[in-house]
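Now for the letters of each chain:
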Amino acid sequence: MKREDVFNFAAGPSAMPRSVLEKAAAELLNYRGTGMSVMEMSHRSAAFREIFDTAKASLRELLNVPDSHEILLLQGGATLQFAAIGMNLLAGGAADYAVTGRFSARAAEEAKKYGTVRIAADTSSTGHDRIPKQDELSLSPNAKYFYYCANNTIYGTEWHYDPETACPLVCDMSSDILTRPVDFSRFALVYAGAQKNMAPAGLTVVIVDRSLVGGELPCTPEIMSYKVMAETDSMLNTPPCWCIYMLSLMLDWVRENGGVAGMDERKRERAALLYDVLDSSRLYLPHARREDRSFMNVTFSTGKKELDAEFVAGAAQRGLLSVKGHKVTGGMRASLYNAMPLEGARKLADYMREFEAEHV
Ligand SMILES: *Cc1c(COP(=O)(O)O)cnc(C)c1O
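Residues numbered from 1 in each chain as written. Predicted model: local features only at pLDDT ≥ 70, side-chain atom pairs only at ≥ 80, totals over all residues. Heavy atoms only, no water.

Here's the deal with the packing of aromatic side chains
Our working rule: Any two of the Phe, Tyr and Trp rings considered here, Trp counted by its six-membered ring, make a pair once their centres fall within 6.5 Å; the pair's planes then place it as stacked at under 30 degrees, edge-to-face at over 60, or tilted in between. What counts as a helix is a DSSP run of H or I of at least four residues, what counts as a strand is a run of E of at least two, and both are numbered from the N terminus. Each residue is placed in one exposure class: buried if its accessible area under a 1.4 Å probe, protein chains only, is under 20% of its type's maximum, exposed if it is over 50%, and partly exposed if it falls in between.
Inspection of every chain in the model, using the stated rule, returns 16 aromatic pairs. Between the aromatic rings of Tyr97 and Tyr147, the centroid separation amounts to 4.5 Å while the plane-to-plane angle is 15 degrees, which identifies the pairing as stacked. One end of the pair, Tyr97, is in strand E3 (residues 94-99); the other, Tyr147, is in strand E5 (residues 146-149), and 50 residues separate them in sequence. In this structure, Tyr97 and Tyr147 share a single accessibility class: buried. Between Phe300 and Phe311, the aromatic rings sit 5.7 Å apart at their centres with planes inclined by 90 degrees, giving edge-to-face as the arrangement.

Considerations on the site of the ligand
Going by this rule: The rule for a residue being near a molecule or strand is that one of its heavy atoms must lie within 4 Å of it. By the criterion applied in these results, polar contacts are pairs of N or O atoms within 3.5 Å in which, for protein atoms, one can donate a hydrogen and the other can accept it, and in which residues neighboring in sequence qualify only through two side-chain atoms. Values of accessible area rely on a 1.4 Å probe in the Shrake-Rupley scheme; residue burial ignores everything except the protein chains shown. Only Asp, Glu, Lys and Arg are considered charged, only Ala, Val, Leu, Ile, Met, Phe, Trp, Tyr, Cys and Pro nonpolar, and every remaining residue, Gly among them, polar.
In the neighbourhood of the ligand, the contacting residues comprise Gly77, Ala78, Thr79, Phe103, Cys149, Asn151, Thr153, Asp172, Ser174, Ser175, Gln195 and Lys196. Here Thr79 contributes a side-chain N or O atom positioned 2.5 Å from an oxygen atom of the ligand. Contact distances for the ligand include 2.5 Å between an oxygen atom and a side-chain N or O atom of Thr153. In isolation the ligand offers 390 Å² of accessible surface; the protein chains occlude 85% of this area. Element by element, the count of residues in the shell around the ligand is highest for helix H3 (residues 77-90), at three residues. Here the residues of the shell around the ligand sort into three nonpolar, seven polar and two charged.

Here's the deal with the pairing of strand E2 (residues 69-74)
Here is the rule: By this definition, two strands are paired if DSSP reports at least two bridges between them.
Of all six residues in E2, six are buried; the element is thus mostly enclosed. The alternating pattern of E2 places His69, Ile71 and Leu73 and Glu70, Leu72 and Leu74 on opposite faces, both of which are buried. Pairing of E2 with strand E10 (residues 204-209), which is carried by six bridges, proceeds in the antiparallel orientation. Bridging from a neighbouring strand, His69 pairs with Asp209 of E10.

What about the nonpolar core?
Rules: For this analysis, a nonpolar core means a set of buried residues of the types Ala, Val, Leu, Ile, Met, Phe, Trp, Tyr and Cys, connected via side-chain atoms within 4.5 Å. Where each domain starts and ends comes from a domain assignment, either automatic or drawn from a database. Throughout, a contact is declared for two residues whenever any of their heavy atoms are within 4.5 Å.
With 57 residues, the main nonpolar core has Met198 and Leu247 as its most contacted residues. Inspection of this core shows a minimum of three residues originating in each of domain 1 (3-17 + 258-359) and domain 2 (23-255). What Met198 contacts, discounting residues up to four positions off in sequence, is Met16, Leu59, Ile177, Leu178, Ala192, Gly193, Val205, Met246, Leu247 and Met250.

Details of the domain arrangement of the chain
As a reminder, the rule being used: Here the buried area means the combined drop in accessible surface, using a 1.4 Å probe, for two parts upon being joined, counting both sides. Whenever a carboxyl oxygen of Asp or Glu lies within 4 Å of a side-chain nitrogen of Lys or Arg, that contact is scored as a salt bridge.
When the domains of the chain are assigned, the result is domain 1 (3-17 + 258-359) and domain 2 (23-255). Buried area between domain 1 and domain 2, summed over both chains or domains, comes out near 2700 Å², and the portion from carbon and sulfur atoms is 56%. Of all residues in domain 1, Met16, Val260 and Asp292 bury the most surface against domain 2, accounting for 21% of the area lost on that side. Viewed at the interface, domain 2 and domain 1 are joined by one salt bridge. Here Arg289 ties to Asp129 by a salt bridge, and the two come within 3.2 Å at their closest N and O atoms. Joining domain 1 to domain 2, the criterion identifies 19 residue pairs in polar contact (both at pLDDT 80 or more). Listing elements by their share of the side of domain 1 that touches domain 2, those giving two or more residues are helix H7 (259-279) and strand E12 (297-301). When residues in the side of domain 1 that touches domain 2 are grouped by element, the largest group, seven residues, is from H7. Here the residues of the side of domain 1 that touches domain 2 sort into 13 nonpolar, eleven polar and nine charged.

What follows is the structure, given as structure tokens:
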């Protein structure tokens, strides 16, 4: 298959913009006259230091992260943060968790090992097809933080508001960071695995309020301590150098394409193309309720396993790849991250209409 003929709808790791990959390819063997690849460089070298500082500065600029918050570039994926949050921020106290999908359920389970987890909302009874409303959240008075997952990658739902709480917020933005403006002053911590909207797998971006760092449990490993990682500027040990380099290229691309506001605008256009088909369909059953559906992951099925499989196979024949749903939901899922061109969403929408015409 030729790259030109393919649109990759994978949920993560996921598509990167072609120009970003071309830039990386052009610099692969000899990074800007250093005579070596970024892959081969010491993380303490001046050349890598510049890459690292540029990536951090670009994140701060594009996401408008205030000086009150530290940016950490870590390893271990979003999954490691489930425990790190428990060790560093919960640390024997209590916190409220909204469970709106698999990742928030796992985060709550993991945090229980390090303190009291109260379930502020749980949407599992309807198959995580929705986001709780503000007045449904059961908030406890002494919570150290309110935890939620902004975009539920598997189920295709997304919080379209920041919860109002007395305590600060902690949020998993793995699948919608860099797609909308965020007021970080309300957040104790935001984290995101890079492999959805930012970079290859292996890098996790953590944005943490400096004033909340340092109260971790004594058993916290150094590598999971926000205090230690902030003090060492994420270089206690070797950072994920290549991923950080790719992140810096991706952030240049985001800037060239209108920044976060540009991403926000384009995600709406892309998602609308697919939701328009679902809204007028007699074949497809959307998984998420209309008011809570995600701009990033569009989830639907035909209600019939064999027909879903036929849809996925037919899509692949047209170069529309990885539209099979997650194993817990079945059906289809089209992930429309920052790197997905509008053209890809248009091709998939056309195919959905054609497939429907042949099967109703
Ligand atoms: C992908 C994803 C995760 C898991 O990320 P890993 O990097 O594999 O640990 C967690 N939360 C959300 C919202 C995700 O999309």
